[in-house]
Amino acid sequence: MVAGTHFTFSAVLYLGGAAVLNYDTDVISFAIAVLCSLGPDIDLPTSKPGRIFFWLSTYLEKQFGHRTITHSWIGMF
């Protein structure tokens, strides 16, 4: 996925969850959800977060590969 897809998916989940679970939404929570959606791609040195944290993304890609540990429950924590 590219950044736009991550943003869109998180927006749909956040706003869809608000509609189904009836919780209040606010701009700050929405922004946090959208920005955190880029987190799983930190294991790819060519991604936006991977370029910022190049030392970490290079290490993660060499150790685990792309879409492994950061795209799991472990990566969420």
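For the structure, check the block above.
What counts as what
- Residues numbered from 1 in each chain as written.
- Predicted model: local features only at pLDDT ≥ 70, side-chain atom pairs only at ≥ 80, totals over all residues.
- Heavy atoms only, no water.
- Helix = DSSP H or I, 4+ residues; strand = E, 2+ residues; numbered from the N terminus.
- Polar contact = N/O pair within 3.5 Å; in protein donor to acceptor, adjacent residues only side chain to side chain.
- Buried < 20%, exposed > 50% of the residue type's maximum accessible area, 1.4 Å probe, protein only.
- Lys, Arg positive; Asp, Glu negative; His and termini not counted.
- Salt bridge = Lys/Arg side-chain N within 4 Å of Asp/Glu carboxyl O.
- Contact = heavy atoms within 4.5 Å.

**Q** I'm lost on the side chain of T70 in this one. Help?
**A** On the secondary structure map, T70 appears in the loop between α4 (54-64) and α5 (73-76). Looking at T70, its side chain comes within polar contact range of the main-chain oxygen of P40, at 2.7 Å. Reaching out from T70, the side chain makes a polar contact with the side chain of D43 at a distance of 2.9 Å.

**Q** Would you explain unusual backbone geometry in this entry?
**A** Leaving glycine aside, a negative phi is the common case for residues, and trans is the common case for peptide bonds. We note that N22 has phi near 60°; this positive angle belongs to a residue other than glycine. By the secondary structure assignment, N22 is in the loop between α1 (3-21) and α2 (27-36). Overall, the relative accessible area of 68% leaves N22 in the exposed class. For R67, which is not glycine, the phi torsion reads 60° and is therefore positive.

**Q** Before we go on, may I ask you to explain the side chain of D43 in this structure?
**A** Here D43 shows up in the loop between α2 and α3 (48-52). Of the side chains with opposite charge, R67 comes closest to the buried, unpaired D43, at an N-O distance of 7.4 Å. Apart from the residues lying within four places of it in its own chain, the contact partners of D43 are S57, L60, E61, G65, H66, R67, T68, T70 and H71.

In short, shape yes, function no, at least from these values alone.
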